[in-house]
Amino acid sequence: MLKETLQRAALEAGRLIKERFHSTYRIDHKEGINNLVTEVDHASEKLIMDTIRAEFPDHFILSEETGEIVTDSTYKWIIDPIDGTINFANGIPLCCVSIGIEKDGKMILGAVYNPFLDEYFFAERRGGAHLNGRAIQVSTKTDVWRSCLVTGFPYSYLDRPNSPLDVFGRFIRKGVPVRRLGSAAIDLCWVAAGRFDGFYEHELQAWDSAAGFLMVVEAGGKVTDFGGRPYSPYQPHLVASNGLIHKGILDVIHDR
Ligand code: IPD
Ligand code: CA
Ligand code: CA
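Small disclaimer: the values here were computed from a predicted structure and weren't measured. (Residues numbered from 1 in each chain as written. Chains lettered and ligands numbered in written order. Predicted model: local features only at pLDDT ≥ 70, side-chain atom pairs only at ≥ 80, totals over all residues. Heavy atoms only, no water.)

Caption draft 1: Structural detail: the domain arrangement of the protein. Structurally, the protein comprises domain 1 (2-135) and domain 2 (144-253). On a C-alpha basis, the centres of domain 1 and domain 2 stand 21 Å from each other. Each side of the interface is counted separately: domain 1 has 39 residues, and domain 2 has 24 residues. Of the roughly 2,200 Å² buried between domain 1 and domain 2, counting both surfaces, carbon and sulfur atoms make up 69%. Between domain 1 and domain 2 we count one salt bridge in total. Note that arginine 195 and glutamate 119 form a salt bridge whose closest N and O atoms lie 2.7 Å from each other. (Domains from an automatic or database assignment. Contact = heavy atoms within 4.5 Å. Buried area = accessible area lost by both parts, 1.4 Å probe. Salt bridge = Lys/Arg side-chain N within 4 Å of Asp/Glu carboxyl O.)

Written as structure tokens, this is what we have:
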């Protein structure tokens, strides 16, 4: 039941954002001039929350645009109604709906749907990761300098040692292809599917990574914070990889 509701919410919200992709919609600015939220983000969020509440009215919800709906349930839904809003608002068809479910503080289910490629990624704790029903696995590359990576940059750039631009520069100067798709949830799913060997980002929120981090783990990969400790979506730093190049990415981040 939980899985079906999760899938229905992700697929229907995905269809909604695709239908409204070429329509006219209001765009508002959050803090920072380029941090946008559209009417479609709110519509997608409402559809997802209505779907959850119809089946599980007592579950805890954490959703990007609404914040927390606190209950004493052991289940918590973590929702990003559009991951990749800047892509969406610029007509770049690379964005998705991302929903993770925690039980007793552990991520148990994750769904990411990119309606533009019709790709439904689904992961279940100890049940593997799947793309449109087929099992997926991380890549097997062992050399970080021969890998294909992806990253993202925070909206407000923080000037500090080993900042996002410093780390990016270290990889780029060595000729490592580091892509920037603009959707952390898709970045994580594409690591899980073996398209990228690794992903790192400095300032993520729980809704960006909740579903995608389970996807990578269940596809046989590794996800940690920048200290190499097990990942929690409630802290900002994330490194996800096939496991084999994980230390290599951490060494570049810390300039070791
Ligand atoms: C953003 C995307 C982007 C990442 C940002 C996120 P949004 O989410 O995941 O790839 O670099 O840090 O905030 O705002 O499109 O939901
Ligand atoms: Ca996001
Ligand atoms: Ca979002």
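Caption draft 2: Geometry of the coordination of the calcium ion (ligand 2). Those donors, Asp80 (OD), Asp83 (OD) and Asp208 (OD), are the protein atoms that reach the calcium ion (ligand 2), and they lie 2.1 to 2.2 Å from it. In this structure, the calcium ion (ligand 2) lies 3.7 Å away from the calcium ion (ligand 3), the two metals sharing aspartate 80 as a donor. On the criterion of sequence distance, the pair formed by aspartate 83 in strand 5 (residues 75-83) and aspartate 208 in helix 6 (residues 206-218) is long-range, its members being 125 residues apart. With relative accessibility at 6%, the residue aspartate 83 sits in the buried group. A relative accessible area of 12% means that aspartate 208 is categorised as buried. (Donors = N, O, S within 2.8 Å, 3.2 Å for Na, K, Ca; no water. Helix = DSSP H or I, 4+ residues; strand = E, 2+ residues; numbered from the N terminus. Buried < 20%, exposed > 50% of the residue type's maximum accessible area, 1.4 Å probe, protein only.)

Caption draft 3: Here's a closer look at the sheet that holds strand 15 (residues 238-241). The five strands are arranged 12-11-13-15-14 in an open sheet whose pairing can be described as mixed. The sheet is open, and its two borders are formed by strand 12 (178-179) and strand 14 (222-224), each paired with just one other strand. Examined bridge by bridge, strand 14 and strand 15 share three bridges and lie antiparallel to one another. Bridging from a neighbouring strand, threonine 224 pairs with valine 239 of strand 15. Sitting on the sheet, helix 5 (residues 184-192) touches strand 11 (149-151), strand 13 (198-201) and strand 15, and the angle it makes with strand 13 is about 155°. Sitting on the sheet, helix 7 (residues 246-253) touches strand 11, strand 13, strand 14 and strand 15, and the angle it makes with strand 15 is about 150°. (Pairing = 2+ DSSP bridges. Axes fitted to C-alpha atoms, helices over the stretch in contact; angles between N-to-C directions.)

Caption draft 4: Just the packing of helix 1 (residues 2-19) against helix 2 (residues 39-55), in detail. For the pair helix 1 and helix 2, the least separation of the axes is 9 Å and the interaxial angle reads 160°. The orientation of helix 1 relative to helix 2 falls into the category roughly antiparallel. The crossing of helix 1 and helix 2 is right-handed. Contact with helix 1, carried on its side by Thr5, Arg8, Ala9, Glu12, Ala13, Leu16 and Ile17, involves Val40, Ala43, Ser44, Leu47, Ile48, Thr51, Ile52 and Glu55 of helix 2 and no other residues of that element. In terms of residue class, the contact of helix 1 with helix 2 is made up of nine nonpolar, three polar and three charged. (Parallel < 35°, antiparallel > 145°, perpendicular 65-115°, else oblique. Left-handed = near helix turned anticlockwise from the far one by under 90°. Nonpolar A, V, L, I, M, F, W, Y, C, P; charged D, E, K, R; others polar.)

Caption draft 5: Just the pattern of salt bridges, in detail. In this structure the tally under the stated criterion is 15 salt bridges. Ionic pairing is found between lysine 46 and aspartate 50, a salt bridge with its closest N-O pair at 2.7 Å. With lysine 46 and aspartate 50 both in helix 2 and four residues apart, this pair spans about one turn of that helix. With a closest N to O distance of 2.8 Å, aspartate 251 and lysine 247 form a salt bridge. Of this pair, aspartate 251 and lysine 247 both sit in helix 7, four residues apart, roughly one helical turn. A residue is classified by how much of its surface remains accessible, and aspartate 251, at 17% relative accessible area, is buried.

Caption draft 6: Quick look at the packing of helix 4 (residues 164-173) against helix 7. Relative to each other, helix 4 and helix 7 sit at 120°, their axes nearing to 9 Å. When the axes of helix 4 and helix 7 are compared, the pair comes out oblique. Along the contact surface, helix 4 presents Val167, Arg170 and Phe171, while helix 7 presents Ile249, Val252 and Ile253.

Caption draft 7: Examining unusual backbone geometry more closely. Positioned with a positive phi, asparagine 132 is a non-glycine residue whose angle comes to about 45°. Assignment of secondary structure puts asparagine 132 in the loop between strand 9 (128-131) and strand 10 (134-135). According to the relative accessible area criterion, asparagine 132 is partly exposed, its value standing at 45%. Phi is positive for aspartate 255, close to 55°, though the residue is something other than glycine. The topology assignment puts aspartate 255 in the segment after helix 7.

Caption draft 8: Representation of the sheet that holds strand 5. With mixed pairing, eight strands are arranged side by side in an open sheet as 4-3-5-6-7-8-9-10. Lying at the two open borders of the sheet, with one neighbouring strand each, are strand 4 (67-69) and strand 10. Bridge count for strand 6 (residues 96-103) against strand 7 (residues 106-114) is seven bridges, and the pairing is antiparallel. When the sheet's bridge partners are listed, serine 98 is paired in strand 7 with valine 112. Packing of helix 2 onto the sheet brings it into contact with strand 3 (60-63), strand 4, strand 5 and strand 6, and relative to strand 5 it is tilted by some 155°.

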